[in-house]
Every structure is written in C-alpha cells, then in structure tokens.
Amino acid sequence: MIQAAISPVTVSKDEGLMSQNQISILWVRRDFRLANNAALVAAVKRGAVVPVFIRDASVDALGSAPKLRLEMAIGAFAEALEGLGSRLILRSGTAAEVLETLAAETGASAVFWNRLYDPRSVARDTDVKALLKDREIEAQSFAGALLFEPWTVETKTGGPYRVYTPYWNAVRGRDVAPCLTPPLEMSTAEDWPQSEALAEWELSRGMFRGAAVVRRHVSAGEHAALERLDEFTDTLIAKYKVDRDRLDIAATSELSDALSLGEISPAQCWHAGRRAMQEGAAGAEHFLKEVVWREFAWHLLWHYPHMDRENWRPEWDGFVWNDDANHPHFMAWCRGITGQPVVDAAMRELYVTGKMHNRARMIVASYLTKHMRMHWRLGLQWFADCLVDWDLASNAMGWQWVAGSGPDAAPYFRIYNPETQAQKFDPKGTYLARWLPDAFGDHSDASMSFYDAVPKAWKAYITDAPAEPLVSLTEGRAVALAAYETYKTQ
Ligand code: FAD
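Computed from a predicted model, the values in this text were never measured in an experiment.

Glancing now at the overall build of the protein chain. When you go through the protein chain residue by residue, the secondary structure sums to 25 helices and 5 strands. What you see for the protein chain is a C-alpha radius of gyration of 23 Å, in line with the 23 Å of a compact globule of 490 residues. On the principal axes, the C-alpha backbone points of the protein chain span a range of 70 × 55 × 45 Å. Of all intrachain contacts in the protein chain linking residues separated by at least 6 positions in sequence, the fraction that spans at least 24 positions is 81%. Here the protein chain displays about 21100 Å² of accessible surface, and carbon together with sulfur accounts for 52% of that area.

With that settled, the discussion passes to the confidence of the model for the protein chain. Confidence in the prediction for the protein chain averages 93 pLDDT; 96% of positions are at 70 or higher. For the stretch residues 1-19, pLDDT sits under 50, and the model shows 47 contacts to residues farther than four places along the chain or on other chains.

Quick look at the side chain of K370 now. With respect to the secondary-structure elements, K370 resides in helix 17 (residues 358-371). It turns out K370 is buried and unbridged, and the closest side chain with the opposite charge, E485, is 12 Å from it. Within the local environment of K370, its side chain forms a polar contact with the backbone oxygen of V402, the two atoms lying 2.9 Å apart.

With that out of the way, let us pick up unusual backbone geometry. Positive phi outside glycine occurs at E136, with the angle close to 60°. The residue E136 is located in the loop between helix 6 (119-134) and strand 5 (138-142) in this model. Judged by its relative accessible area of 74%, E136 falls in the exposed class. Of note, F208 is a non-glycine position whose phi angle comes to about 50°, a positive value. Topologically, F208 is positioned in the loop between helix 8 (198-201) and helix 9 (210-215). F208 gets classed as exposed once you look at its relative accessible area, which sits at 67%.

A full pass over the atoms with the stated rule returns 34 aromatic pairs. The interplanar angle of 50° and the centroid separation of 4.8 Å between the aromatic rings of F232 and F287 together place this pair among those described as tilted. Taken together, the positions of F232 in helix 10 (residues 222-234) and F287 in helix 14 (residues 284-303) put the pair 55 residues apart, joining distant regions of the chain. The residues F232 and F287 share a single accessibility class, namely buried. Considering the side-chain rings of F413 and Y484, the 6.1 Å spacing of their centres and the 55° angle between planes classify their relative orientation as tilted.

Conventions and cut-offs
- Residues numbered from 1 in each chain as written.
- Predicted model: local features only at pLDDT ≥ 70, side-chain atom pairs only at ≥ 80, totals over all residues.
- Heavy atoms only, no water.
- Helix = DSSP H or I, 4+ residues; strand = E, 2+ residues; numbered from the N terminus.
- Rg over C-alpha atoms; globule rule 2.2 N^0.38 Å.
- Contact = heavy atoms within 4.5 Å.
- Areas by Shrake-Rupley, 256 points an atom, 1.4 Å probe, with all protein chains shown as cover.
- pLDDT = per-residue confidence, 0-100.
- Buried < 20%, exposed > 50% of the residue type's maximum accessible area, 1.4 Å probe, protein only.
- Lys, Arg positive; Asp, Glu negative; His and termini not counted.
- Salt bridge = Lys/Arg side-chain N within 4 Å of Asp/Glu carboxyl O.
- Polar contact = N/O pair within 3.5 Å; in protein donor to acceptor, adjacent residues only side chain to side chain.
- Phe/Tyr/Trp six-rings, centres within 6.5 Å; stacked < 30°, edge-to-face > 60°.

Now the structure itself:
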C-alpha cells in the first residue's frame, strides 16, 4: 500500500475547485509528481490548470542517460495527469517565450513552478519571473526539491557550511513541513492548447541501442517511487546502516533517480525515515543522513556555483591530473576493461543499469583520479552521460570529495585499494560474477546485456579474453603519492 509519503491534507478537492476559477500554467521541470507538489496545489486552488513541460536548452544539454530517464519521467507524469482528466502539454523553445505564448493562447493569468537551485536554472527563472510580471502575469515559485533551501542554513558566523557533519547537526532537529496530498481531480481549460509529441523529441536517441537495455532496469514514475519507499522503509531500512556498503546485496533505497527528477520529494523520504526511526528501525537515522548528503551537495553548489567545473579547493588548480579524454587509461575505464575486476564490474553495472552502487562509485572515482591520475572532470562528465540518477550537485560533490579537491575531503593520500574494497564489500565475489561474465562465467541476462548496450564501435565480445591490469595497484598508488608529495612541496 502506498502511504509512507503522504500525510496530513492541506488542500482538498473542493477547496481547490470551488475557488477563484482562474486559469494557471503549471510549469513542470524536475518535479514529476502529484503528491507534495506546492506549485500544483497553488494552481489547483486557483481554478483551471494547464501543465506544461518545456524542452529548452537545459534539456538539450543533458547527457544521454539523463535524457532517456527524463523521457520516462515525462511519459509517466503525463499518464498520471490524464488519470485526473488533465494533460501534460509539451513545447520546445526558450521558457520565457513558451510561457508567454501559452498564457496568451489559454488566457492564463498566472504561472507556478517549483524552484531549482543550479546557477543556470536560477538565472533563467529570474528572467522568466521578471518578464511575466512585466506582462502582468502572476509568477510564483515554491520550495519542494530540497528539505532545506540552501540559503536557510548558515553557520553561526553567517556563512555556508563547508563540512558535512556540522551541516547535519545544524539541520537534523529542524521541522520539515508535512507533505501535501495530491489533488483528486483537476479543473482544466476549455480548449487544450496544442502539444508536441514526446516520441518526436527522441530524447533517448543518444543512448542508441543501450536505451532498451537500461530501460529494463528503471521503474519510472511517482507510483513506482512511492512503492519503493514503502518497501524500503518496511524492510531494508532496519539493516541499512550495516548493509548499505555491500556491493552484493540490494540494501539501499534505489530512489536517487526518482529524487533527481522529483518523482518523489526529499520531504516524503524524510517523513518516512522519521516514522521508521520512531518505530525503532536501527538504520533509519543513517538513511536520513544520506538524504541530507544530497541537501549538503545542493548547499555547496548554491554557495560554490562552479563546483561542477572547478576545483572546490583552488590550491588543487596546478595538480598534474591528466585531462586527455582520448587517453587509453580513461577509455579502458569507461569501457570496463581496466583489468581491475571491481572497477570493471562497476563500470559495466553503470552501462547496463544507468546506476552504480555508491561504494562502487567511490572505488572507480578513486581508481581513475589516483591510480590513473586522470582529471576528476573526465569522470564527472562520463557519469553525467551515463547515470539515470544524474544530479548536478551530488555528482560534482562526489567526484571532488573522492579526488581530494572537494569539501570535507578524505585526504588525497587515502587511496582506495580496489582489491581490498572488493574483499570487504563483496566477500563472496557475487558482484564481480554478476557483471563480469567473461572472467567469471556467470552468463546471466543482466551481465550479458552489457554486450548489447555498448556501442558497436567498442568491439566488445563475450569471447574477449578478460582484461589484464593496465595499472599495477602498488605502482599506481606509489606514483600518485609521489605526485602529491611533489605538488605539496612546490
Ligand atoms: P540510498 O543509500 O538509499 O540513499 C538515499 C538517498 O540519499 C539517495 O537516493 C540520494 O538521493 C541520497 N544520497 C545517498 N548518498 C549520497 C551521497 N553520497 N551524495 C549525495 N546524495 C546521496 N547521487 C546522485 O543522486 N546523482 C549523482 O549524479 C551522483 N553522483 C555521484 C558520483 C560520485 C563519484 C559519488 C561517489 C557519488 C555520487 N552520488 C550521486 C551519490 C550516491 O552514490 C547515490 O546517491 C546513491 O548511490 C544512490 O543510491 P540509493 O538511491 O540507493 O541511495
């Protein structure tokens, strides 16, 4: 039963439909949900709602897997709206132009949306708000993508937090508003405006044949996300703290893609986690802490808007990372043929499922930036192209955190050893066998589908001999440490 996420009612159907009866545009962005959607509630309260998703430059700039996942989210949300007698209008162009045109076509006198916090969206939304106000169209934005808006959390001296634990201590006792219930029906405009067709946008084209493979591993839509949260808080959360690092066990919530696209809100996860905590689930607080890592990432990106491009610690600017995307080491890393089994298994998991276990992300990021001394930006870009749960802030923070140039960093000289990591977190070799059919002979559908997912140009075949290690672990570590020592003393 899907109940975990939805608590007290704040707007009822009657309250919504009997109100002013004016037309509002709901500008859907990364908030593909009916529950706990403040912009949607505000629009429903006013009267008829015209929901629109705009394919603007920010959509075209997404990587291949995020685009595929977005396509799935749009499709699922359009269906959910249809269930309420509504529709999702699709339009291409700049947001300001599309919204202005749509308001003129429908007679809408207000546009509502939920806020995003990356610098490009903020700049766009500020311009859109100004333009709409200039045209005497009401424009209002709402919170919902985060538990705590970045500027609302400050140190005692008034600045941003730079380290996670004090940030967690600052927010852990805060009240998070109860979640808003979804509308039961939506009043609509008399004539629906024209919509473009989702299929014609071809958002999954960049994945080539990989799209069909990754799709099999994704459950899109609000309903699936709420079901997943319920399942997780009913069972897995109890052992989350002890099992969450295990590569061989499905012990985590697997909600990151749904959170990234707003199919579920962090507040729904927070309240479900708090309830589990009150019921005595041992791992619940740890789950809340992880949800707050995502908050911390957005807090950092808000205050350091170049975190996805520049070293968070500028003292790393002269370090000798290699940034050649055609370097054979980087290409082998991307293709899962470095000869380090756990690295290769994880990179294949990524290519087949569009996701990668968090522990594995840390191992492959450390291996790339330390044993191989390739620039973290290359890894970040590869993840941005391959992850269905791509999240600008979490990806940037994750890469810089592991590389040593980021916040709250494990020092550069703490280098993960892939072999000992695999022994610890995959003690029976289950994860390796799952993703490396060439080396371990476990020809499961999931592992074999790697050969269907990757571009033909890679010429990857099951008959290939398992890769030999490209970089010796001892030597890679020694060279990385020497480079660090030299840099430090310069
Ligand atoms: P759970 O363990 O169930 O955690 C619950 C939620 O908490 C997650 O869904 C996620 O929203 C949040 N969370 C958990 N761990 C982290 C973390 N370390 N940082 C930020 N948020 C966290 N996460 C993304 O969502 N998108 C990314 O693009 C991304 N890139 C990463 C890159 C690197 C190099 C690293 C080391 C981590 C990255 N992460 C990213 C964080 C983390 O790996 C994923 O959030 C996690 O694996 C998702 O699995 P889950 O939903 O089962 O998480």
